[in-house]
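# Summary of the model geometry
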Amino acid sequence: MSKGRTSRRRKKRAERNKVEAEVEKKNILFQKWLKEKFAYKPTSLRIASCGDGGGNGVFARKAIPSGDPIVSIPRRLMIGVHEVTVHSALIASILAYLRKLDDEDLFLTTVQILALFLIEERRKPLEHGASTSFRPYISMLPHTFTHLLYWNDEELGCLSPHLSHKAANIRNKVTHQLDHLNLILLNMRRSTSSMTPFDDVTWKEYIWAWCCVNTRCVFSDHQASRKLRGGMRKTTEDNYYLIPFLDMLNHHPQADVQAKYDAKSQHFQLITLSMCHKYDQLYIKYGEHGSLDLLLEYGFVPTPDPISNLNDCIEVDFNQLCAAFK
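The sections below set out a description of the structure shown in this document.

What counts, and at which threshold
- Numbering of residues starts from 1 in every chain and runs along the sequence as written.
- At least 70 in pLDDT is required for a residue's local features to be given in this predicted model, at least 80 for side-chain atom pairs to be given and counted, and no such filter applies to totals for whole chains, interfaces and linings, which use all residues.
- Where side-chain values are given, they derive from all heavy atoms of the structure, hydrogens and water being excluded.
- Secondary structure elements follow DSSP: runs of H or I no shorter than four residues count as helices, runs of E no shorter than two count as strands, and numbering proceeds from the N terminus.
- Expected helix span is taken as 1.5 Å per residue step, with the number of steps being one fewer than the number of residues.
- Note on exposure labels: buried denotes an accessible area under 20% of the residue type's maximum, exposed denotes more than 50%, and partly exposed covers the range between, all computed with a 1.4 Å probe on protein chains only.
- When checking whether two residues touch, look at their non-hydrogen atoms; a contact exists if any pair is within 4.5 Å.
- We count a salt bridge whenever a side-chain nitrogen from Lys or Arg sits within 4 Å of a carboxyl oxygen from Asp or Glu.
- Each nonpolar core is a collection of buried residues, namely Ala, Val, Leu, Ile, Met, Phe, Trp, Tyr and Cys, held together in the definition by side-chain atoms within 4.5 Å.
- Being paired, for any two strands, means DSSP has found at least two bridges between them.

## Overview of helix α4 (residues 110-123)
Because an α-helix packs 3.6 residues into every turn, residues spaced three or four apart end up facing the same way. Taking 1.5 Å per residue, 14 residues should reach 20 Å; α4 reaches 20 Å between its end C-alpha atoms and fits that length. Most of α4 sits inside the fold, with 12 of its 14 residues counted as buried. Listed in full, the buried residues belonging to α4 are Thr110, Val111, Gln112, Ile113, Leu114, Ala115, Leu116, Phe117, Leu118, Ile119, Glu120 and Glu121. On the buried face of α4, the contacting elements are α2 (81-87), α3 (89-101), α5 (135-138), α7 (161-190), α8 (203-216) and β5 (240-241).

As structure tokens, this is what we get:
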């Protein structure tokens, strides 16, 4: 073996070890934060790097029988709109301002509020008080995404006309949300009653936060009967929650799991319906989505080998179908 090849292998191994050490350092701080702030300690699971650009994943420290929870997250760790207003004086003041203004054209949605909460926490200095900060959680989130919102014009040009139309709709929706949010922040800064010096949110900040919410939130209707706070507009995302640790699980199209909120224990649980072995990576399933839907909504497709997605299909329009039979 040549010295050059040996040197490259050593360098690659050193880089991998450096990444794994950084992941472990963040993981230790994150686990400490979960225990001190929410009294939660997942003893039978661990977070580790998946390697090859796969980000982090959750792995079993011991075997988990079928029918048992993979994770069981207490309600106090579920971060929804109502919880955010408790943790964030900024968002509470914005909603109070909108209630007082009582303008039907100025409002926030659940997605905007959760995104703004993540941006606010990300902007806080590292030395911010550990008792209130969510920085250990923020540090575990991806720094960037492969979602189409991050694609350049050349990459978007590779999509079919049908998918390009869907991509444009998503981009327009996110742009509108950002513009609307910044309009509210601008009005608050101009108002003498404003309590916030919060600067405008940038496109880069918002698409990062939007992707965190869109790709990591889970649905739970345990508070569905609770009225929305004033200053909010009702949407289909009102029962979305960020759940630290649970959202570290990666998607697998064949994951045999059931997600549910258990009202008796007041825990959100992910139940495995098949045996999980020690050291296995554990997965969640985002739903019955084909690879193209996963690409548009979440920015990835499952690795084709050895994973197969039974929801995959090829879309054809009427003209294409007629042409095939000519």
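## What to know about the pattern of salt bridges
In this structure the tally under the stated criterion is four salt bridges. Of the charged contacts in the structure, one is a salt bridge between Glu205 and Arg123, with a shortest N-O distance of 2.7 Å. Of the two residues, Glu205 is situated in helix α8 and Arg123 in helix α4; the sequence distance between them amounts to 82 residues. A salt bridge links Asp247 to Arg216; the nearest nitrogen and oxygen atoms lie 3.7 Å apart. On the criterion of sequence distance, the pair formed by Asp247 in the loop between β5 and β6 (250-251) and Arg216 in helix α8 is long-range, its members being 31 residues apart. Here the two residues Asp247 and Arg216 agree in accessibility, since each one is buried.

## Observations regarding the nonpolar core
By size, the foremost hydrophobic cluster in this structure holds 82 residues, and its most contacted members are Leu118 and Tyr206. Among the elements that line this core, the one with the most residues is α7, at nine residues. Apart from the residues lying within four places of it in its own chain, the contact partners of Leu118 are Tyr137, Ile138, Leu141, Trp208, Ala209, Cys212, Val213 and Leu242.

## So, the environment of Leu163
Position of Leu163 among the secondary structure elements: in helix α7. We classify Leu163 as buried; its relative accessible area is 11%. Leu163 sits 129 residues away from Leu292 along the chain, and the two C-alpha atoms are 8.6 Å apart.

## Quick word on the pairing of strand β2 (residues 56-60)
Here β2 lies mainly inside the structure; four of its five residues are buried. Sheet analysis places strand β1 (residues 45-49) next to β2, joined by five bridges and oriented antiparallel. Paired with Ser49 across the bridge in β2 is Asn56. Pairing of β2 with strand β9 (residues 281-284), which is carried by two bridges, proceeds in the antiparallel orientation. Bridge pairing in β9 places Val58 opposite Leu282.

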